[in-house]
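# Fold and contact review
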Amino acid sequence: MTSRAKFSEMANAIRFLSIDAVQAANSGHPGLPMGAADIATVLFTEHMKFDPKDPLWPDRDRFVLSAGHGSMLLYSALYLLGYEDITLEEIKNFRQLGSKTAGHPEYGHAAGIETTTGPLGQGIANAVGMAIAECHLAEEFSSEIVDHYTYCLVGDGCLMEGISQEAISLAGHLKLKKLIVLWDDNNITIDGAVSLSDSTDQIARFKASGWNTLRIDGHKPEEISAAIEKAKQSDKPTMIACKTVIGFGSPNKAGTSKVHGSPLGEDEINKTREALGWSNEPFKIDTATLDLWRIAGLQSGQKRKEWEKRFKGMEAELRGQFERRMRGELPADFETAMQSLKKDIAEKQPEMATRKSSEYVLETVNAAVPETIGGSADLTGSNNTKTKNIEVISPSDFSGRFIHYGIREHGMAAAMNGMALHGGIIPYSGSFLVFADYCRPAIRLAALMGIRSIFVMTHDSIGLGEDGPTHQPVEQVASLRAMPNLLVLRPADTMETAECWQLALEHASTPTVIALTRQNLKAVRADFEESNRSAKGAYVLADSDAEAKATIFASGSEVQIALDARDQLAEDGIPARVVSVPSFELFEAQSADYKKSVLGDAPVRVAVEAGVSFGWERFIGDSGIFIGMSTFGASGPYKELYDHFGITSDAVAKAVKAKLGD
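First, a word on scope: everything that follows refers to the structure included in this document. (Residues numbered from 1 in each chain as written. Predicted model: local features only at pLDDT ≥ 70, side-chain atom pairs only at ≥ 80, totals over all residues. Heavy atoms only, no water.)

## Looking at the overall build of the protein chain
Heads up, the rule is: For the purposes of this entry, the term helix denotes a DSSP run of H or I that reaches at least four residues, the term strand denotes a run of E that reaches at least two, and both are numbered from the N terminus. Restricting the calculation to C-alpha atoms gives the radius of gyration, and the globule rule supplies 2.2 Å times the number of residues raised to the power 0.38. When a residue's accessible area, from a 1.4 Å probe over protein chains only, is under 20% of the maximum for its type it is buried; when over 50% it is exposed; and in between it is partly exposed. Throughout, a residue-residue contact means that at least one pair of heavy atoms, one from each residue, lies within 4.5 Å. Throughout, the Shrake-Rupley method with a 1.4 Å probe supplies accessible areas, and for residues the shown protein chains are the sole cover considered. His residues and chain termini do not enter the charge count, which takes Lys and Arg as positive and Asp and Glu as negative. Taken as the charge centre is NZ of Lys, CZ of Arg, CG of Asp or CD of Glu, depending on the residue.
Of regular secondary structure, the protein chain possesses 26 helices and 20 strands. Taking 2.2 N^0.38 as the reference for a compact globule, 662 residues should give roughly 26 Å; the C-alpha atoms of the protein chain span a radius of gyration of 28 Å, in line with that estimate. Sorting the 662 residues of the protein chain into buried and exposed places 61% on the buried side. Within the protein chain, contacts between residues at least 6 apart in sequence are counted, and of these 78% link residues at least 24 apart. Accessible area for the protein chain stands at about 24600 Å²; split by element, carbon and sulfur atoms hold 48% of it. The positive charge centre, built from 67 side chains, and the negative charge centre, built from 88, are 3 Å apart in the protein chain.

So, in structure tokens, the structure goes:
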């Protein structure tokens, strides 16, 4: 271990880089980096396995700063360790437009930032997903190739958020022994002392959730190091309660909420420099201290070389699969498998709920794409996310490819993000669409990060029937469509479901929500086509022989209603077109000419969807007709509900004729 004097200088380097950056930005949270600097110094210089020269080394340890407001702790450490993306100039530009040092850590901005954090509690759930990924890949490719830890630094706020309980109870159940959580136990939130709002015994809570727990002084490096070593020997995940002083070293603000989310101010900074014996100018680290950090950054280089030697010794096909999966590429024969499936669907023309269509498609997907890991939030038989060819992951066996998440939608979604971020895995999992609201913060972060998490959301409308308005999504599809960089897919039959699954898997930098029905649907696509028609977002499903008087746009289960309305209108001599709209986002990405050809020139435009109208104006304009929901649903058989709310082919035909008669 580094001498106490040198260690203090190394920890103070984090403290003062953080202090100076927050002061320069006149914005930020200096308290956590000052208080947790000793923890970070021990962790990064004595225990973690990583290589700044090869920051994407697959077998590196992962570090998640769940308390993302303390971002300068991470940025300071990355600079000091020699990560090229975080330069001193980036530190000086903290929180400035275009800098890599954003207010909260953002995945993709710089190497060493393993996930985007800031919304408290998300990071610890991401860490659970990363630890699951490590366990699974170690089973699949051997611990000679996959053998690393996931470390997560959490604050009091992370542990107050409800998602934290979902995450820690799942981790405890699965016995994720290579997950180590370090709690920055400083007893302060923005409002003041934690005791204002919480009196939870966190040690008892973690123990009750199946964790190993340790309590230490977070300012004593020997205790920190010994606790981490002890954690590595446990057969359970470990939470280390590190008692710290927020804003450590500040004579007048340490231990108070004043240092949590505001710059110290020049006067207090000078007093802190004096108190900690730091004589360097702002943003200046003396050469000796920087050298100690840079040497620490290089200490895993030999471990990486040894790993590369083992990796090169692997059987060639297995090595190639590992490399492909870590690159995020799909298998070479995936396209062929999907084409064969589509031919089979065209031949059989199955009539089934799209949730069952999804299960049918997943039998092919899971056979062709070995990196998929499915799951469900206690709705496996309803979501149909478990196929016959995959086994369940359990505490004693991580070789499976299906996770029973229990009733933990939020934790599930965030853990999926952690698996996607880890690499080598494509996570998908299911719940009811109405419970997308429980998953929403994690879905939003997946979209912000641009990662491939696939959310299977079934029971997608009033079509679920008797469970009633508490379970019938009305506004959910529209609200999800409003989210940037999220692909929302609502297929109309088994063929479109296959195409939507292919799109979800092929979009490596976009999360996907697939909205699926409970009720059976007829096949609306009779012929095999090699091209993926759903990839256009919207396409003409049924054209008119004569000049169209109306174009009917619909998604999912309402496409059949549109087709029936078209037939009724034809009987009355009114030619109409039907456009299937599985994805608003993909349609918006098409050329102006293509969009114009799909929208057409018919004088009447109608949109049909068993949800709210928000967003459909892009298809029908201000003068178009919307047939859908404007209230919450009701309890009853689904066919009666469609009649009750006027979402029928008769209603569509009647509305078209009335409009033409105006």
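## Observations regarding the pairing of strand S12 (residues 454–458)
If a strand is regular, its side chains alternate between the two faces of the sheet. Rules: The pairing criterion is simple: DSSP has to find at least two bridges between the two strands. Seen with its strands pointing away from the viewer, a crossover is right-handed when the path leading from the first strand over the helix to the second is clockwise.
Among the five residues that make up S12, five are buried, leaving the element largely enclosed by the rest of the structure. Residues Ile454, Val456 and Thr458 line one face of S12 and the alternating positions Phe455 and Met457 line the opposite face, and both faces are buried. Bridge count between strand S11 (residues 426–432) and S12: five bridges; the pairing is parallel. Across the sheet, residue Gly430 finds its bridge partner in S12, namely Val456. Handedness of the crossover joining S11 and S12 through helix H18 (residues 436–449): right-handed. Here four bridges tie S12 to strand S14 (residues 512–515), and the two strands are oriented parallel to one another. In the sheet register, Ile454 faces S14, and the bridge partner there is Thr512.

## Brief notes about the pattern of salt bridges
As a reminder of what qualifies: Each reported salt bridge corresponds to a side-chain nitrogen of Lys or Arg within 4 Å of a carboxyl oxygen of Asp or Glu.
Summed over all chains, the structure comprises 31 salt bridges. Among the ionic pairs, Arg490 bridges to Glu558, the shortest N-O distance being 2.7 Å. Residue Arg490 is found in the loop between strand S13 (487–489) and helix H20 (494–506), and its partner Glu558 is found in helix H21 (residues 558–571); the two are separated by 68 residues along the sequence. Judged by its relative accessible area of 0%, Glu558 is buried. Measuring nitrogen to oxygen at the nearest pair gives 3.6 Å for the salt bridge that ties Asp543 to Arg577. Of this pair, Asp543 sits in the loop between strand S16 (539–542) and strand S17 (550–554) while Arg577 sits in strand S18 (residues 576–580); the two residues are 34 residues apart in sequence, bridging distant segments of the chain. Residue classification places Asp543 among the partly exposed positions, given a relative accessible area of 45%.

## Let's talk about helix H17 (residues 409–422)
The condition that has to hold: Here the expected length of a helix is defined as 1.5 Å per residue gap, with one fewer gap than residues.
For H17, with 14 residues, the first-to-last C-alpha span of 20 Å sits near the 20 Å given by 1.5 Å per residue. Within H17, 14 of the 14 residues are buried, leaving the element largely enclosed by the surrounding structure.

## Re the nonpolar core
Burial of nonpolar side chains together is a common tendency in soluble globular proteins. Keep this limit in mind: We define a nonpolar core as any set of buried Ala, Val, Leu, Ile, Met, Phe, Trp, Tyr and Cys residues linked to one another through side-chain atoms lying within 4.5 Å.
Judged by nonpolar contacts, the single largest core of 140 residues is most densely connected at Phe44, Leu176 and Ile240. Ranked by residues supplied to this core, first place goes to helix H5 (residues 122–141) with 12 residues. Excluding residues within four positions of it along the chain, Phe44 makes contact with Phe50, Phe63, Leu74, Ala77, Leu81, Trp293 and Gln299. The next biggest cluster of nonpolar side chains, apart from the first, holds 47 residues, and it includes Ala492, Val578, Val598 and Val604.

## Regarding the packing of helix H1 (residues 4–25) against helix H10 (residues 266–276)
Selection rule: For helices, the fitted axis covers only the stretch in contact; all axes are lines through C-alpha atoms, and the angles between them, taken along N-to-C directions, range from 0 to 180 degrees. Here roughly perpendicular refers to angles of 65 to 115 degrees, roughly parallel to angles under 35, roughly antiparallel to angles over 145, and oblique to all remaining angles. All residues other than Ala, Val, Leu, Ile, Met, Phe, Trp, Tyr, Cys, Pro, Asp, Glu, Lys and Arg, Gly among them, are scored as polar; the first ten of these are nonpolar and the last four charged.
The geometry of H1 relative to H10 is characterised by a closest axis approach of 11 Å and an angle of 170 degrees between their N-to-C directions. It follows from the interaxial angle that H1 and H10 lie roughly antiparallel. Judged by residue contacts, Asn12, Arg15, Phe16, Ile19, Asp20 and Gln23 of H1 engage Glu266, Ile269, Thr272, Arg273 and Leu276 from H10. By residue class, the composition of the contact of H1 with H10 is four nonpolar, three polar and four charged.

## What to know about the pairing of S11
In terms of burial, S11 is a largely internal element, seven of the seven residues being buried. Sheet analysis places strand S9 (residues 372–376) next to S11, joined by three bridges and oriented parallel. Directly across from Ser376, in S11, lies its bridge partner Gly430.

## Describing the side chain of Ser169
Using the following cut-off: The definition of a polar contact used here is a pair of N or O atoms within 3.5 Å, where within protein one atom must be able to donate a hydrogen and the other to accept one, and adjacent residues in sequence count solely through side-chain atom pairs.
For Ser169, the position within the fold is in helix H7 (residues 162–174). Of the polar contacts made by the side chain of Ser169, one reaches the backbone oxygen of Gln165; its length is 2.8 Å. Within polar-contact distance, the side chain of Ser169 engages the side chain of Arg408 at 2.9 Å. Each residue touching Ser169, except ones within four places of it in the same chain, is listed here: Ser209 and Arg408.

## Examining the sheet that holds strand S10 (residues 402–404)
Taken together, the six strands give an open sheet; going across it, the order is S10-S9-S11-S12-S14-S13, and neighbouring strands pair in parallel fashion. Both edges of this open sheet fall to S10 and S13, since each of them pairs with a single strand only. Sheet twist, expressed as the mean angle between neighbouring strand axes with direction ignored, is 20 degrees. In this structure, S13 lies alongside S14, joined through three bridges in parallel fashion.

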